[in-house]
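Summary of the model geometry
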Amino acid sequence: MQDNPAIAILVDSKPQNRTPEPAKVAGIADDFRIIIEAGIAPVSFNATIVRITGKIAFPESVGKLELYSTDPRANPSVTFNYLSSEKDLAQCVKLTQLLELALRSKSIASFLGSNEHRNKPMPTKDELQKLCKTTVRTFYHYHGGCTMGSVVDKNYRVYGVKGLRVIDGSTLLESPGTNPMATLLMLGRYQGLKILKHRKGASFNSPST
Ligand SMILES: Cc1cc2nc3c(=O)[nH]c(=O)nc-3n(C[C@H](O)[C@H](O)[C@H](O)COP(=O)(O)OP(=O)(O)OC[C@H]3O[C@@H](n4cnc5c(N)ncnc54)[C@H](O)[C@@H]3O)c2cc1C
């Protein structure tokens, strides 16, 4: 299994005149390998925070999922080994540099209501490595426990088990974009329609099935 490492920076902001749907920003950098999302979240009636979060796409570090028993209700053991690869750690430093730059930008300063962050010196590479190691968290985009080619075939049929398919995020080798849900809903619908079409064709060709 894999999970995309994420780093989030939360900063107090001046109270915002919140519209029903507050401003949200997404950025794609480094040839799709870094994805940044920013938004304003309320913490109370008169306080808001600016949240800037970055996701590392295509991580190299691999984790594992192990079953403790054959009881399907029992939770498995899951380890993601975030940033265990040097390449992922270097990518994380790049990501945190971008987050720090965003934090110092004029546009973000206007939301924060101060230039406090703009005037701070940029952290060193060592400091950013430490930040990565101590604050890495999930983006909730874990994937890959049941990938195509290892557990399911290209029609999402589980190898060696008749009448069972898995059609969800566990089949993906990489989790797409900032938010995978739309892709997964489309995958489910597309494959569902394909199954229905196939069944219709099968019953038309042979009424006994
Ligand atoms: C806190 C959080 C916030 C997120 N925010 C967003 C967001 O804003 N936008 C976005 O696009 N994505 C978001 N995601 C990611 C998104 O929810 C997932 O990528 C997506 O739901 C994965 O879809 P899935 O079908 O692969 O799995 P799931 O949605 O997890 O579906 C798996 C289903 O299988 C069922 N199940 C498990 N075991 C069994 C069993 N043994 N028998 C029968 N059923 C079983 C579960 O009950 C569940 O209903 C978020 C995820 C989390 C955790």
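For the protein, the name recorded in an unreviewed UniProt entry is Putative (R)-mandelonitrile lyase, with Rosa chinensis as its organism. Here the protein is described in UniProt, under the heading Cofactor (unreviewed entry), as follows: "FAD".

Here we come to unusual backbone geometry. Even without glycine at this site, D30 takes up a positive phi of about 55°. Mapping D30 onto the fold places it in the loop between β2 (24-29) and β3 (34-44).

Turning our attention to the site of the ligand. Taken together, Y140, Y142, D168, G169, N179, P180, M181 and L184 are the residues near the ligand. Between the ligand and G169, the relevant distance is 2.7 Å, taken from an oxygen atom to a main-chain nitrogen or oxygen of the residue. For the ligand, a nitrogen atom lies 3.1 Å from a polar atom in the side chain of N179. Considered on its own, the ligand offers 1,000 Å² of accessible surface; in the complex 36% of this is hidden by protein. Of the residues contributing to the shell around the ligand, the split by class is five nonpolar, two polar and one charged.

Another aspect to go through is the confidence of the model for the protein. Per-residue confidence for the protein gives a mean pLDDT of 88, with 92% of residues at or over 70. The element-level mean pLDDT for the protein is lowest in helix α2 (residues 106-112), coming to 78, with helix α3 (residues 125-135) highest at 97.

Criteria and thresholds
- Residues numbered from 1 in each chain as written.
- Predicted model: local features only at pLDDT ≥ 70, side-chain atom pairs only at ≥ 80, totals over all residues.
- Heavy atoms only, no water.
- UniProt positions renumbered as here; feature names shortened; annotations may be inferred.
- Helix = DSSP H or I, 4+ residues; strand = E, 2+ residues; numbered from the N terminus.
- Near = heavy atom within 4 Å.
- Polar contact = N/O pair within 3.5 Å; in protein donor to acceptor, adjacent residues only side chain to side chain.
- Areas by Shrake-Rupley, 256 points an atom, 1.4 Å probe, with all protein chains shown as cover.
- Nonpolar A, V, L, I, M, F, W, Y, C, P; charged D, E, K, R; others polar.
- pLDDT = per-residue confidence, 0-100.

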